[in-house]
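# Structural overview
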Amino acid sequence: MADSTQINFVHHIESYVDSGSPSQQDASLLALAKLVTNDIITLESLVREMEMYLTTTDNIIRARGILLLAELLTRMSSKRLESNTIHSLIGFFADRLSDWRALRGALVGCLALMRRKSDIGAISGSDANAIAQSFMQNLQVQSLGQHDRKLCFEILECLIDSYPDTVTSMEDEFVYVICEAIDGEKDPQCLLLTFHLVERLAQVYPESSSSLSSYAEDLFNILGSYFPIHFTHPKGEDEVKREELSRALMLAFASTPLFEPFAIPLLLEKLSSSLPSSKIESLKYLNNCMDKYSGNGIHEQNEALWSSLKDIILTSAPSLLTFGPGHQENKVADEALVVVQKLIQKDNDSVSFLKLILKDVDVNTTLNNLSSYSNYDNITVTDKQRLNAVSRILHVSAAASVASCNAIFQSFFSALVTGLQSASGGPKFGHLYVWVDLLTACRTLVNPAEKTDLDKETWCTMLYNFCPLLTCSFVKTMKESTHDIAVTGLKILASFPGSFLPVSKSTFEEILVEFTSIIIFKFSNASSWRSVLNALVEIGSLIEKSDDFEKMASFDIIVVERMLTLFSYDDLSMPFSLKVEAVSKIGTTNLKYMLKIVQKFNIAISTDLQKYWLDGNSNSAEHAMLLLECYVDKVFPWFQNMKDTNNVPTQFALKIWSEIEHNTRFCNSLNEKVSMLYKKLIETTMNGMKHAVASCSEDSQSMILDKAFSIFSSSTSFQVNGSTQPVDFSCRDEWVISLFNSVIIALNPKTQVKNTKEILHNIMRALSNGHIPSAHALGSLFNKMQYFSLEEAMDITFNKYIAGNLRISNDIIIGLAWVGKGLLMRGHEIVKDMIKFLLNFLISNESISLFEDREDLMRAVADSFNIIMSDSEACLNKKFHATVKPLYKQRLFNMVMPILLSSIVKSDSSVRYKAVVHRALAHVISNTPLSAILGEAKKLIPLMVDGLTCLSEDVENRDIVYSLLLVLSGILTDKNGQEIIVENAYMIIMCLNKLIFYKHMMLVRETVVQCLTAMSELPYSRVYWFRPEVLQALSRALDDPKRSVRQEAVRCRHAWASISSRSLHI
């Protein structure tokens, strides 16, 4: 047994060394690693057996032998080895570093041993020193290939990370080796390692180390040559992203303060670059370096830094004047302002950098000219840019610290106040703009959670004395101007915490009163109105987050209560839609407010529905729809994010049912007088009911269902008497069945449905009356019903209402389609019977010939496949808890496609019959995922082309033609489908040439031209012959009445006209 094992592993050694096949070498390596790891053979015996390969004078054999041993050690990284074994191996590999022909194996072996953990046997400090000494004596890293250089850098990195004592003991010699190794490196992967090497080297050697300080300039000169990072070959960025390299270099720049004297001048020089990317990089590096450097070198460069930063901000700041910290739109200016703020914070004690700003001529000149900026529209673009730049500089300066804010106020407060007080004709825009930015900066310094003595600070005292005048100026401007500057200023003042002295309670309440008055009385300017509303919402949200009970009480009385009164009287001056928008948005600031608003909404909905039901009041109907839409779009989604609010959608649903129950008198001619309004109101109420029920728990859904069924069953029209004949519904009956269907649609599958037989009977009778929502409810029932009830439900639905019925209507077919959809989505086998029934209708002349309106019925059957396959917003979706099994569309595709294909191929019937089958086929194809279509493309392409030709004859098929074209376009642009397209190129191009003239839909013509453009990219030998026909057809498309078609035709003509040039490359 031992002999066979020895023969076996010797065979693997020989196979690796002698083979030139990478796959065979990998197999041999894996087999040997398993033998050693499982202790079938020892590493020592393996090395002894390999001695000849490790020491032979044949360079190729020796290199492969050493590499085999090294790779084995890499694979055995988790196997414990004795210290003597490791010491011997390290000595061997360290010695082999001088053997340049076998260097790869030596590098891999050293690295494998160096990375071992101490608990399984690691190299000692003396072993690490041996590797380092051999490395320094024998290797010239930059003379090696890319992979070997990468291994060298990994060895150096491992020495620094795992053996820092060994590294520091070598002092200058090791630092010199690093400099020599990284100098001139250009490979992105290697550069990533070199930048990390420098960063780690700075961490190992202390700042006071003479070894690092003596080479600091050399190291930085090497690093500086790579700044800013730029790829000369795009391929390089595929391996390592530029951002990754740039960040590594930035960390290396900031790794030690010893680089400060060299880094700051370099970054200042790059700031003057004309490339925005270079400026941004320089600013990012400056920002990062300031956190690491001691500061003396930076202080010496303050004047140069300020000069460069100021120029960047003044020339890069956007001319669009917006407000607050979120108004910075230019990346270069943004980064420069970040650096300005960081410099102020770092220099907080001496404020030498801030003094440069305070005394700057450009800053002071701009502030002195604020009075000339009276109106936003009258300011030149250049002045807007300068005003924006200076204002932002003041903003970041004041926000840097409390001390800097005090300095800003002491220097500029008097001039800014005087400018507002002496302004004739009202406050000037320039002064207000600067004040908004200063207030924003002040607000960032105030943290409600921290108890500080800010009230005693200089800027607080000044603002306290000036706040009434500032508020008055903002209010006056808000009333006289449409610009948002005053709204922003007042919003910031109102957002200061309640305990903050400068903004008193009376000032806060004054701001709320002014805002609320604008919401109620000044709504003619929609933009300003919404700006004020959003400001109120933001103020309310901040109060809620800060638990400021004093301000909350003021907000409740002044804003919320006054908003709620909007629904208490018929004020025709304010549009009802604005009332709903304002009240609902205010409600989102606080749960207590929203609950109050919900009560008002419920009362308003009930009142409006009653008025409409009794006398057909159209205003009431429109108001009710607005409120219901608000519930669906805003109220229900908001409550879904809250806890313990399940009763809100439940109470909404029960309230609607209570109104239906208590209102038995409906205007009989309601649906005749205003049918469109009537239909829209029912649909909106149904949608609200569905979303409410879908938001409820199973228990609440059961409660709503019981309430709905009691009202539903109490109506004489819905009492089951065994009849299958349609019943004429009154207006109230239609509301009852519609809302009941909404409840059924939105139920969770876990909610138990009682009285299933009665429900099914009545839904089917309503469906016979042409009530389409009943079809949705029917499909939802079959999708969510318990398995044991399905067969009985199918018996009621199919046998009683369909089998043997010679008067099957289109509505019944629609109902069956929704049943099929529900069953298909849940993956039930009964769906096969349903699909078979529909297919028999479609492809069997005997089945269909018994019915009147044969053609309409066949079209309805064909369209039923669109219902089954397409996604629906009305029902059977995740929002309404549908049961959905994966790949259900693919299952139906595989089920019906062979039958439909066979029917079309064998058909000898009329063109009209064939078109109907093609219509069904098109519905299935256009709703199936493209991946499934591509698998059957060889069979489908000819039939799709035939279908496009056949269906394009009838204008009613225009949407289907467009859907089918989109599928063809998807196949054309997919690499897996192009082979089939090439095989059928002739028939596809001929079909597309005809469809260029399709007059019934512009999108069809546009897509056809796009498909022809894609066809031009097919192999030259297959499409060149069709060039004349295509160009001739395109000449007509160039005169198409629609511009988008003409544009596509120009591109397509250029593609086909230049196709002959491709023959030169064949």
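Residues numbered from 1 in each chain as written. Predicted model: local features only at pLDDT ≥ 70, side-chain atom pairs only at ≥ 80, totals over all residues. Heavy atoms only, no water.

## Concerning the overall build of the protein
How we decide: Secondary structure elements follow DSSP: runs of H or I of four or more residues count as helices, runs of E of two or more count as strands, with numbering from the N terminus. Between buried and exposed lies partly exposed: a residue is buried under 20% and exposed over 50% of the maximum accessible area for its type, with that area taken using a 1.4 Å probe on protein chains only. Note on contacts: a residue pair qualifies if any of its non-hydrogen atoms lie within 4.5 Å across the two residues. All accessibility values rest on the Shrake-Rupley procedure with a 1.4 Å probe; residue burial counts only the protein chains present in the view.
Scanning the protein from N- to C-terminus turns up 56 helices and 0 strands. Within the protein, the fraction of its 1066 residues that count as buried is 54%. The contacts in the protein between residues at least 6 apart in sequence include a share of 75% that link residues at least 24 apart. Summed over all atoms, the accessible surface of the protein reaches about 47200 Å², with 50% contributed by carbon and sulfur.

## Overview of the packing of aromatic side chains
For clarity, the cut-off: Two aromatic rings from Phe, Tyr or Trp, using only the six-membered ring of Trp, form a pair when their centres are within 6.5 Å; if the ring planes differ by under 30 degrees the pair is stacked, by over 60 it is edge-to-face, and anything between is tilted. Whether a charge sits over a ring comes down to the Lys NZ or Arg CZ being within 6 Å of the ring centre and within 35 degrees of the ring normal.
Applying the stated criterion across every chain, the model contains 31 aromatic pairs. A centroid spacing of 5.8 Å and a plane angle of 75 degrees characterise the contact between Y1024 and W1025, whose relative ring orientation is edge-to-face. Aromatic ring contacts, followed pair by pair, group F220, F227, F253, F259, F262 and Y285 into a single cluster. For the cation-ring pair, R1036 lies above F997, with the distance from its terminal atom to the ring centre recorded as 4.3 Å.

## Remarks on the pattern of salt bridges
What counts, and what does not: One side-chain nitrogen of Lys or Arg within 4 Å of one carboxyl oxygen of Asp or Glu is enough to make a salt bridge.
The final tally for this structure, using the stated rule, is 33 salt bridges. In this structure, the salt-bridge partner of K310 is D360, at a minimum N-O distance of 3.0 Å. Linking K310 in helix α19 (residues 302-316) with D360 in the loop between α21 (352-358) and α22 (361-368), this pair joins segments that are 50 residues apart in sequence. Per residue, the accessibility class of K310 equals that of D360, and both read buried. Here the residues in one salt-bridge network are R62, D95, R96 and D99, joined through shared partners.

## Section: unusual backbone geometry
Looking along the chain, the bond that leaves F227 and enters P228 is cis, with omega of -10 degrees. Locating P228 in the fold gives a position in the loop between α13 (210-224) and α14 (236-239). In this model, H881 sits at a positive phi of 60 degrees, which is unusual for a non-glycine residue. For H881, the position within the fold is in the loop between α45 (854-869) and α46 (888-906). The phi angle at L887 is positive, at roughly 65 degrees, despite the residue not being glycine.

## Some points on helix α40 (residues 772-784)
Quick note on the threshold: In a helix, the anticipated span is given by 1.5 Å times the number of residues less one.
The end-to-end C-alpha distance of α40 is 19 Å, a good match for the 18 Å that 13 residues give at a rise of 1.5 Å each. Across the 13 residues of α40, 12 count as buried, placing the element largely inside the fold. When we look at burial in α40, the residues that qualify are P773, S774, A775, H776, A777, L778, G779, S780, L781, F782, N783 and K784.

## Remarks on the environment of I759
Position of I759 relative to the elements: it lies in helix α39 (residues 756-768). A relative accessible area of 1% means that I759 is categorised as buried. For the pair I759 and L781, spaced 22 residues apart in sequence, the C-alpha to C-alpha distance is 9.7 Å. If sequence neighbours within four positions are ignored, I759 has contacts with F709, F740, V753, K754 and L781.

## Quick notes on helix α53 (residues 1002-1015)
At 3.6 residues per turn, the α-helix brings residues three or four places apart onto the same side. Spanning 14 residues, α53 covers 20 Å between terminal C-alpha atoms, matching the ideal 20 Å at 1.5 Å per step. Taken residue by residue, α53 has V1004, R1005, E1006, T1007, V1008, V1009, C1011, L1012 and M1015 as its buried positions. Next to the buried residues of α53 lie α50 (958-973), α51 (978-983), α52 (985-995), α54 (1020-1023), α55 (1027-1037) and α56 (1043-1057).

## Description of the environment of M689
Here M689 is to be found in helix α36 (residues 675-694). For M689, a relative accessible area of 0% gives the class buried. The spatial distance from the C-alpha of M689 to the C-alpha of N741 is 9.6 Å, given a sequence separation of 52 residues.

## Observations regarding the packing of helix α11 (residues 172-182) against α13
Put simply, the rule is: To define axes, lines are fitted to C-alpha atoms, for helices over the stretch in contact only, and angles between the resulting N-to-C directions are given on a 0 to 180 degree scale. Here the word oblique covers every angle except those under 35 degrees (roughly parallel), over 145 (roughly antiparallel) and from 65 to 115 (roughly perpendicular). Residues are grouped as follows: nonpolar covers Ala, Val, Leu, Ile, Met, Phe, Trp, Tyr, Cys and Pro; charged covers Asp, Glu, Lys and Arg; every other residue, Gly included, is treated as polar.
Here α11 crosses α13 at 5 degrees, and the two axes come no closer than 10 Å. As far as their axial angle goes, α13 and α11 are roughly parallel. Residue-level contacts link D172, V175, Y176, I178, C179 and I182 of α11 to S211, S214, Y215, L219 and I222 of α13. Among the residues making up the contact of α11 with α13, the classes are represented as 8 nonpolar, 2 polar and 1 charged.

## Things to note about the nonpolar core
The criterion, for reference: For this analysis, a nonpolar core means a set of buried residues of the types Ala, Val, Leu, Ile, Met, Phe, Trp, Tyr and Cys, connected via side-chain atoms within 4.5 Å.
Counting residues in hydrophobic clusters, the biggest one holds 387 residues, and the most contacted among them are F253, W435 and W657. Discounting chain neighbours no more than four positions away, the residues touching W435 are F409, F413, L416, V417, L420, L463, F466, L470 and F474.

## Some points on the confidence of the model for the protein
For clarity, the cut-off: A residue's pLDDT is the predictor's confidence in that residue, given on a scale from 0 to 100.
For the protein, per-residue confidence averages 85 on the pLDDT scale, and 89% of positions sit at 70 or higher. Contacts for the low-pLDDT stretch residues 1062-1066, under 50 throughout, to residues beyond four places or in other chains number 7 contacts.

## Remarks on the environment of V381
Assignment of secondary structure puts V381 in helix α23 (residues 381-400). When its relative accessible area of 57% is taken as the criterion, V381 is described as exposed. Sequence-wise, V381 and S319 are 62 residues apart; in three dimensions their C-alpha atoms are separated by 6.0 Å.

## Quick word on the packing of helix α9 (residues 146-162) against α11
Under the convention used in this document: By convention, the crossing between two helices is left-handed when the near helix turns anticlockwise from the far helix through less than a right angle, and right-handed when the turn is clockwise.
Contact geometry of α9 with α11 gives a least axis separation of 11 Å together with a crossing angle of 150 degrees. The pairing of α9 with α11 is recorded here as roughly antiparallel in orientation. Of the two possible hands of crossing, α9 and α11 adopt the one that is left-handed. Only F174, I178, A181 and I182 of α11 make contact with α9, whose side of the interface consists of F153, L156, L159 and I160.

## Regarding the side chain of S738
Turning to its location among the elements, S738 is positioned in helix α38 (residues 731-746). Given the relative accessible area of 1%, S738 is considered buried. Apart from residues no more than four positions distant in its own chain, S738 is found in contact with I682, M686 and H771.

## Quick notes on the state of the cysteines
We apply this condition: Criterion for a disulfide: a pair of cysteine sulfur atoms at a distance within 2.5 Å.
Evaluation of the coordinates by the stated rule reveals 0 disulfides. Summary of cysteine pairing: C991 is not part of a disulfide, and the nearest cysteine sulfur, belonging to C1011, is at 9.7 Å.

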